[in-house]
Structures are given as C-alpha cells and as structure tokens.
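Coordinates in review
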Amino acid sequence: MGGDECVIVVREFDPRKDLASVEEVEKRCEVGPSGKLSLFTDLLGDPICRVRHSPAFLMLVAELSSTKEIVGMIRGCIKTVTCGKKHSRNSRTNDPMEPLPVYTKVAYILGLRVSPSHRRLGIGLTLVRRMEDWFVQNGTEYSYLATENDNQASVNLFTDKCGYSKFRTPSILVNPVFAHRLPVSNRVTLIKLSPSDAESLYRRRFSTTEFFPRDIDSVLNNSLSLGTFLAVPRGCCYTQRSWPGSDKFLSAPPESWAVLSVWNCKDVFKLEVRGASRVRKTLAKTTRIVDKLLPFLRLPSIPEVFRPFGLHFLYGLGGEGPFAARLVNALCAHAHNLAKEGGCSVVATEVASGEPLKVGVPYWKRLSCDEDLWCIKRLGEDYSDGSVGDWTKSPPGVSIFVDPREF
Ligand SMILES: CC(C)(COP(=O)(O)OP(=O)(O)OC[C@H]1O[C@@H](n2cnc3c(N)ncnc32)[C@H](O)[C@@H]1OP(=O)(O)O)[C@@H](O)C(=O)NCCC(=O)NCCS
C-alpha cells in the first residue's frame, strides 16, 4: 500500500520481538483530541493485556517493509453476548413467560493506534480491515468498538470508511478516590457474594440486558474480579450470616436491593493525564495533602492523575425497587474504600445513557465522559435468531452490560 516509502506488512504481534517497539508507538499516541488534556495508557509491559481475558483474541501490528519499524497496531476479541430477548413456552424457568436472552457472536475492536508520523496513509484502515477478516473467519455476526464522540479521526475512520453506524452512547462515570474513607450508610447491609452465587443472580436477573457476556462465570472467577456485593435495607431478613443463596433470595427478595462487582484494572493498565499546567498540578497536589492530613474533614481531594495511576471498574450494576439507587450509592461508597485500600486514584463505571440507577452513582463531571460512542457493524449474513433481526437497527435498552474485560 501507499507510496514507495510506506509499504506496510500487517502481521500478528510477536511478544518476543515486538514488545519494545509497540510500547514506543503506544507512548506516542494520545487518545482524544489534541491541544487539550490527553489521556495516555501504560500497558505495564503487556500489549495484549486488554484483550487476553476474552475467549478469543488477536493483536496485529503494521510494520514498514523497508525498515521493519512498527507504526501501528490493533487488538480485537470475540465473545458471545446478549443482543435481545425472546419469550419461550419451553422455558425451564418457573415462569414460562419470563424472557430469555438471545445470544450472538460479537467482536470488539480496541487499542487501534497509528504512530503520529505515519497517519493519514491508510494504515489505520488496513489494520481494521485485516482484523475484520479474522472476525469473519471466526463466524462473528457483529463487530463493535467504543470511541470518544469528539475523536474525529476515529469516528470518521469507522463510520465513513468502514461502514460502522453509531449505536449506543453510554456514560463513563468517574469518581476520584479521596485520602479519606467514605461512610457507608448505616441503613444498608452489604453482603459479599461468592462468584457462583453472583453468577446465578446475574444470569437470572440480567442475562437479557444487551451485551451481557454468556461467559459471565469466567469474568466473575477471574482473579481481577475483586468481588460482587449486594446491598439490602438494614432490618430486612438478609445478612451475610443468614444469606440463603441467590436462588432463595430471588424467590423472596426485599422490596429494594442492588448489586455491583468490582474489577481491578490497576493490575492491567495505568492511565496518565498529560498536558496540564503546573498551576493545575500544584492545586491538585495541595488538595491531596490537606485531605491526607485532615481526613476527618472529608475534603474532596483531587487524586494523582498526572502520573500513571490505577483504577477499579464497577460492572454488573443493577437492582430493583424504589430504594435501589440509594443502595447503589452505598455500594459505591464501599467500592471507593476498596479502591483506596488498593492504591487506586479513581473508580470508574459505565452505564446506559438512560440507566435509572445512574442517579445513585457519585461521579465528577470533569473526569467523566457523558457520551462514550459505541459504533457497530453487521458482519454476518445470517442472524443467530430471527426473532431479534438486525441488532444494529434496534432501539437501546434501559440498561447495558459493560464487560470489564473491555474497559
Ligand atoms: C485514529 C487513527 C488510528 C487513524 O489512523 P490513520 O492511519 O491515520 O487512518 P487512515 O489513514 O487509515 O485514515 C482513514 C480515514 O479515517 C479518517 N481520518 C483519519 N484521520 C483523520 C483525521 N485526523 N481527521 C479526520 N478524519 C480522519 C479519514 O476518513 C481517513 O480517510 P482519508 O484519509 O481518505 O480522508 C489514528 O489517528 C490514531 O492512532 N489516533 C490516536 C489513537 C486513537 O484515537 N485511536 C482510536 C481509538 S478507537
């Protein structure tokens, strides 16, 4: 492709020889619009860390054939997720009209990077096409990716050139981790669920939520998953000691309850905000020092984000009943304290734009992203299930399940 000086070879990433050069490209690639604060990712020496927990994954690199220099890369993974629901009279559940999930095989693209010195030469486009070839060979029906709404290069590349359409716009909610602990409401009881209990609760209540991963058990049993926590109003008959298991709980749930799980991204990658003025950095540092010295004041300090920092991701957020949002709030306070113990600077979650429980999640607007743009493309000719039809044309659900492996 390209002129004489830019013929590239696309091949699979080879950890034995590509590590240093891939890291070099990653270092030079900001994500987001230039000129403002930008976010850099440190993959802690493992370029495939953000896909390796998925059932199937691939990383490709673009190499200049003349110098063998690596100038771009892309990661992709494949898994099975919910794309809709159906009602079946043959249901094995108690209620024959209880909806059942319809699953489809999807591919997810992430970590597309082209070295700033080699942009606008068609390398990004070539990498996407080669990745899609692998998706098709593996029988995927849809391919999707998340990008920032204002990342013009990426949005144009996928929508204008590759046939993707804008699909969902969930919100990424980010809250700082303060130097003080957050109080958990004494009107709430928190119960830690075992991975198998969490699995049965998620399967029974959330498996019809779009993007719910069919292999939720491997997510919950992954060592990066730090636990699933359930919140119920204090005084209802459930406590950690008297916990009867998810099935019994769901057969007689309290009026309101909420759940979430915590994923440790800190051991996978670190982020860093660059481009901040010295004044801003000093101000942030001052708030941290004051908060550390006087934690009882509970001053909202700005965490360390101008050096590589770690985060926890909250996934599987859900609940029922009139007080569910308040219970989510208590769960988030608990998650904050876990992140503080774990040495993280922020806690993040991602929810559907219309998610009713969003009001219970504390976040700082300046650190968050109101509209994370998810684009999708249909790759397969056949549908896994005729009753759902073309998912790319379907209206969004109230909730969305954001897989922590892909955050
Ligand atoms: C996004 C990115 C991978 C594009 O790589 P690239 O090799 O420059 O892209 P291509 O040359 O293949 O461009 C293909 C098309 O994308 C669009 N595009 C690419 N860069 C663009 C830009 N800066 N502004 C507007 N459109 C752009 C154009 O439609 C372009 O076609 P054209 O050149 O014929 O107009 C690259 O800019 C990058 O690494 N950015 C930083 C990391 C990032 O944001 N990754 C995406 C996360 S999902």
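Coordinates for the structure precede this section.
Report follows, based on the coordinates. Numbering of residues begins from 1 in every chain and follows the order in which that chain's sequence is written. Restriction of local features to residues with pLDDT of at least 70 applies here, the model being predicted, together with a cutoff of 80 or more for giving and counting side-chain atom pairs; totals for whole chains, interfaces and linings are based on all residues.

1. A look at the overall build of the protein chain
Counting from the N terminus, the helices are DSSP H or I runs at least four residues long and the strands are E runs at least two residues long. Per the secondary structure count, the protein chain includes eight helices and 15 strands. Long-range contacts, defined as pairs at least 24 residues apart, comprise 81% of the intrachain contacts of the protein chain with a sequence gap of at least 6. It is the C-beta atoms, placed from the backbone, that decide contacts: two residues are in contact if theirs lie within 7 Å.

2. Focus: the sheet that holds strand β15 (residues 372-378)
A pair of strands is labelled paired if DSSP reports no fewer than 2 bridges between them. With respect to topology, seven strands assemble into an open sheet ordered β1-β3-β4-β5-β6-β15-β7, the strand pairing being mixed. Every other strand in the sheet has two partners, leaving β1 (8-12) and β7 (165-168) as the edge strands with one partner each. Looking at each pair of strands side by side, their axes are set apart by 35° on average, direction ignored. Two elements, strand β6 (residues 142-148) and β15, share seven bridges in a ladder whose sense is antiparallel. Note on geometry: axes are C-alpha line fits, over the in-contact stretch for helices, and angles between N-to-C directions span 0 to 180 degrees.

3. Some thoughts on the site of the ligand
Near the ligand, the surroundings consist of 22 residues, among which Arg119, Gly124, Leu125, Ala153 and Leu157 are the closest. Just so you know the grouping, Ala, Val, Leu, Ile, Met, Phe, Trp, Tyr, Cys and Pro go in nonpolar, Asp, Glu, Lys and Arg go in charged, and all remaining residues, Gly too, go in polar. Classifying every residue of the shell around the ligand by side-chain character gives ten nonpolar, seven polar and five charged. A residue counts as near a molecule or strand when its C-beta atom, positioned from the backbone, falls within 6 Å of it.

4. A short note on the sheet that holds strand β10 (residues 225-233)
Spatial strand order, β8-β14-β13-β11-β10-β9: six strands in an open sheet with mixed pairing. The open sheet terminates on both sides in strands that have one partner only, identified here as β8 (171-176) and β9 (188-193). Each strand axis lies, on average, 25° off the axis of its neighbour in the sheet, ignoring direction. Summarising the sheet, β10 and strand β11 (residues 257-264) pair through six bridges and their orientation is antiparallel. Residue pairing for β11: Gly227 is matched across the bridge by Val262. In this fold helix α4 (residues 195-206) packs onto β9, β10, β11 and β13 (311-320), with an angle of close to 55° to the strand it touches most, β13. Contacts between helix α8 (residues 324-341) and the sheet are confined to β8, β9, β10, β11, β13 and β14 (346-351), with β11 contributing the most and set at about 25° to the helix.

5. Focus: α8
Multiply 1.5 Å by the residue count of a helix minus one, and that product is the helix's expected span. Given a rise of 1.5 Å per residue, 18 residues ought to cover 26 Å, and the 26 Å separating the end C-alpha atoms of α8 matches this to within 8%. Field definition: a residue is buried when 20 or more other C-beta atoms are found within 10 Å of its C-beta, exposed when 12 or fewer are, and partly exposed for counts in between, with C-beta atoms placed from the backbone. Of the residues making up α8, those classed as buried are Ala324, Arg326, Leu327, Val328, Asn329, Ala330, Leu331, Cys332, His334, Ala335, His336 and Ala339. Here the buried face of α8 lies against β8, β9, β10, β11, β13 and β14. In the stretch just after α8, Gly343 is the one whose phi turns positive, near 75°.

6. Considering the nonpolar core
The nonpolar core is taken to be a set of buried Ala, Val, Leu, Ile, Met, Phe, Trp, Tyr and Cys residues joined by way of C-beta atoms within 7 Å. Membership of the largest hydrophobic core comes to 94 residues, with the highest contact counts inside it found for Ala231, Leu327, Val328, Leu331 and Val347. The domain limits used here are those given by an automatic or database domain assignment. When residues of this core are assigned to domains, at least three fall in each of domain 1 (4-168 + 373-389) and domain 2 (173-367). Setting aside anything within four residues of it in sequence, one finds Leu327 in contact with Val188, Ala231, Ser256, Trp257, Ala258 and Gly319.

7. Remarks on helix α3 (residues 152-161)
A turn of α-helix holds 3.6 residues, and therefore any two residues three or four places apart point the same way. The set of residues buried in α3 consists of Ser154, Leu157 and Phe158. Burial along α3 is one-sided: seen end-on, the buried residues are contained in an arc of 80°. Across α3 from its buried face, at more than 90 degrees, point the exposed residues Gln152, Asn156 and Asp160. Along its buried surface, α3 packs onto α2 (123-137), β6 and β15. One or two steps after α3, the chain reaches Gly163, where phi turns positive at roughly 80°. The directions from the helix axis to the C-beta atoms form the arc being described.

8. Quick look at unusual backbone geometry
One non-glycine residue, Arg120, lies in the positive phi region at around 60°. Mapped onto the secondary structure, Arg120 falls in the loop between β5 (99-114) and α2. Overall, Arg120 belongs to the exposed group, with 8 C-beta atoms counted inside 10 Å.

Structural measurements only, silent on function.
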